[in-house]
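Structural characterization, general
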Amino acid sequence: MNVPFLDLSRAHQELRPEILAAFAATYDAGRFCLGDDVTRFEQEFAASSRAASAIGVGNGTAALHLVARALDIGPGDDVIVPAFTFIASAWTASFVGARPVFCDVDPETYTLTAESIESALTPQTKAIVVVHLFGLAADMDPILALAESRGIPVIEDCAQAHLASYKGRAVGTMGVAGTFSFYPTKNLGGVGEGGAVIGSDEALMERVKLLRVHGSNVRYQHDDVGYNYRMEGLQAGALSIKLKHLARWTERRREIAGRYRDGIQLKDTRLPQPAAWDDSVYHQFTLMHPNRDRLRHYLTEHGIGTDLIYPRALHQQPCFAEVGPAEGTLPVSEKLARECLSLPVFPELTDEEIDYVIGTINSFEG
Ligand SMILES: Cc1ncc(COP(=O)(O)O)c(C=O)c1O
C-alpha cells in the first residue's frame, strides 16, 4: 500500500465544483486584489478565530512582518523566537533589522516556555514571538504573566494552529496580535498564498492595514513606508469555502492522532500528547525516535510518506551563523531536529491507511 505524506487533491476534488464556481464569480466581477471576497473572508475568519477583527494579507510571513512594523521593532531591538520552528517566525525580527534571540523549547510541547524566555530576556527585548507549533498552543499563562511584568508584547504565530485554543481561549487572541498562514498545506490552506493578522488593538490593526497597501489610506497619499501585502480575491473565495469544513477536518486530525497514539507501540518512541490545557489541532503529528533516519527509510521502503519538520533548528541555519547561540546550547531543539519524524495526518486519510502506518511502524526492528 502507498500512503502519501500529504494529498491535497483529495479535498480539492471534493470541493472542485464549489471552488471553481466561486472563482468564476470573482473572475467575472474582476475582484482580484482585496475587494468584497476578502472583506467577507476577513469577517468569517475573525468570527471563527473568536477575534475582534482580521486583516487578510498575502501570506503568513507578510503577516509577521506587518506586526513587527506596526510595533515599531527595528535595528538595535531583540526579538525572542523559538529555535525550533519554521524560519519565517525569525523573519519577524530579521525583516525589520532586529536581532532574533533563539530560545529552547519544551520537550513535551515543542513550544516556548516562560523559563526559557526569561533566560533570554535582554534590556533590548522588544517582542516575543510565541509559535503554537504543529497545532498545539504553548503554555500561555506564565508567558503572558512574564511578558506583562516586563511590558513586552507577545506576537502569536498561529500559522500551524487554526482553531487551536488554550484553556478555552482562541490562539491569536491572547497576545497583542495573532498571525496566520493559508499556505496550501496548512490546516486552512488556500489554492495559493494567503495570510491574516487578527487582533483587538484598534490602533495596531489600523497600522497593519495601512502598511498592507503601500502605507496608504488615501489614493496616492503615502503616510508610511508600506508594502504590497494584499490578499487576493480568488484566494479569499476559496478560503471562505474551505473554512466551512475546518472544524470537521480538525476533528478528523484529532481522531487520526488518537489512533496513532493508541496503536503505535514502538520502543523508545515519543508520541505527541495532548497538553493539560487542550488538545492540538495536529497540523503535524511529529514523533521522536533515536533512529529516526533508519525508521524513515523503513517507512519509505513500505510506501509510507513522511517528512522531516524540521531537520535543523534555526540557530543551526547558515543564515544565522553570525547570530548564534552556538551549537550545543539549545539541546531540546537540537535533539528534535535529529529525532523528529512527521507522519501523514491529513483529514482525508482512510482508516485502512492509518492502520497500515501503525502496523508498519510497529514492525520496525531498529
Ligand atoms: C510557524 C510558521 N510561521 C510562519 C509561516 C509563514 O507562512 P507563509 O508560508 O504563508 O509565509 C509558516 C508557514 O509556512 C509557519 O509554519
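Parameters at a glance
Residues numbered from 1 in each chain as written. Predicted model: local features only at pLDDT ≥ 70, side-chain atom pairs only at ≥ 80, totals over all residues. Heavy atoms only, no water. Helix = DSSP H or I, 4+ residues; strand = E, 2+ residues; numbered from the N terminus. Rg over C-alpha atoms; globule rule 2.2 N^0.38 Å. Buried < 20%, exposed > 50% of the residue type's maximum accessible area, 1.4 Å probe, protein only. Areas by Shrake-Rupley, 256 points an atom, 1.4 Å probe, with all protein chains shown as cover. Lys, Arg positive; Asp, Glu negative; His and termini not counted. Charge placed at Lys NZ, Arg CZ, Asp CG, Glu CD. Domains from an automatic or database assignment. Contact = heavy atoms within 4.5 Å. Buried area = accessible area lost by both parts, 1.4 Å probe. Salt bridge = Lys/Arg side-chain N within 4 Å of Asp/Glu carboxyl O. Polar contact = N/O pair within 3.5 Å; in protein donor to acceptor, adjacent residues only side chain to side chain. Nonpolar A, V, L, I, M, F, W, Y, C, P; charged D, E, K, R; others polar. Pairing = 2+ DSSP bridges. Axes fitted to C-alpha atoms, helices over the stretch in contact; angles between N-to-C directions. Near = heavy atom within 4 Å. Bend = angle between axes of the 7 residues up to and from the residue. Phe/Tyr/Trp six-rings, centres within 6.5 Å; stacked < 30°, edge-to-face > 60°.

1. A look at the overall build of the protein
Tallying secondary structure elements over the protein gives 12 helices and 11 strands in all. What you see for the protein is a C-alpha radius of gyration of 20 Å, in line with the 21 Å of a compact globule of 366 residues. Dimensions along the principal axes, computed over C-alpha positions, put the protein at roughly 65 × 55 × 35 Å. Counting the 366 residues in the protein, one finds 59% classified as buried. Split by element, the accessible area of the protein, about 15100 Å² in all, is 51% carbon and sulfur. Counting 33 positive and 47 negative side-chain charges, the protein places the centres of these two groups 2 Å from one another.

2. Examining the domain arrangement of the protein
Segmentation of the protein into domains returns domain 1 (8–243) and domain 2 (246–362). On the domain 2 side, the residues contacting the 46 residues of domain 1 number 42 residues. Across the domain 1/domain 2 interface, buried area totals approximately 3600 Å², and carbon plus sulfur atoms make up 63% of it. The interface formed by domain 1 and domain 2 contains 3 salt bridges. E108 is paired through a salt bridge with R270; the nearest N and O atoms lie 3.3 Å apart. Our count for the domain 1 to domain 2 interface comes out at 21 residue pairs in polar contact (both at pLDDT 80 or more). Elements that contribute at least two residues to the side of domain 1 that touches domain 2 include exactly α1 (8–29), β2 (78–82), α4 (88–94), β3 (99–103), β6 (165–166) and α8 (233–243). Its residues assigned to classes, the side of domain 1 that touches domain 2 comprises 27 nonpolar, 9 polar and 10 charged.

3. Things to note about the pattern of salt bridges
Going through the model one piece at a time under the given rule, you end up with 25 salt bridges. The closest approach of N and O atoms between R10 and D7, which form a salt bridge, is 3.1 Å. By relative accessible area, R10 is classed as partly exposed at 25%. Among the ionic pairs, E353 bridges to R10, the shortest N-O distance being 2.9 Å. Of the two residues, E353 is situated in helix α12 (residues 351–362) and R10 in helix α1; the sequence distance between them amounts to 343 residues. Residue E353 is classed as buried on the basis of its relative accessible area, which comes to 8%. Look at the salt bridges and you will find they share partners, linking R252, E255, R259, D351 and D355 into a network.

4. Observations concerning the sheet that holds strand β1 (residues 53–57)
If you walk across this open sheet you meet the 7 strands as β1-β9-β8-β5-β4-β2-β3, and the pairing is mixed. If you trace the sheet from one side to the other, it starts and ends with β1 and β3, each paired once. Taken over all neighbouring pairs, the strand axes of this sheet differ in orientation by 25° on average, direction set aside. The pairing of strand β8 (residues 177–181) with strand β9 (residues 195–199) spans 4 bridges and is classified as antiparallel. Each residue of the ladder has a partner; that of F180, found in β9, is A196.

5. A word on the site of the ligand
Around the ligand lies a shell of 15 residues, among which G60, T61, D157, S181 and K186 are the nearest. With respect to the ligand, the side chain of D157 contributes an N or O atom lying 2.7 Å from a nitrogen atom. The protein chains hide 93% of the 380 Å² of surface that the ligand would expose on its own. The biggest single contributor to the shell around the ligand is helix α3 (residues 60–70), with 3 residues. Along the lines of polarity and charge, the residues of the shell around the ligand split into 5 nonpolar, 8 polar and 2 charged.

6. As for α1
Its axis deflected by about 65° at L15, α1 carries its strongest bend there, up to four residues before the proline P17. Those residues of α1 that fall on the buried side of the exposure criterion are A11, L15, I19, A22 and T26. Contacts from the buried residues of α1 go to α2 (36–48), α8 and α9 (246–263). In the segment just after α1, G30 is the residue with positive phi, at about 70°.

7. Quick word on the side chain of E42
When you line up the elements, E42 lands in helix α2. Other than its neighbours up to four places away in sequence, E42 contacts A54, I55, G56 and R212.

8. Notes on the packing of aromatic side chains
Where two aromatic rings form a pair, the distance of their centres and the angle of their planes describe that pair. By the definition in use, this model includes 18 aromatic pairs. Taking the centre distance of 6.4 Å and the plane angle of 20° together, the rings of F134 and Y310 count as stacked. Of the two residues, F134 sits in the loop between β4 (125–131) and α6 (140–150) while Y310 sits in the loop between α10 (292–301) and α11 (331–339), which places them 176 residues apart along the sequence. Here F134 and Y310 have matching classes, each one buried. Feature note: the residues F84, F86, Y110, F134 and Y310 constitute an aromatic cluster, connected by ring pairs.

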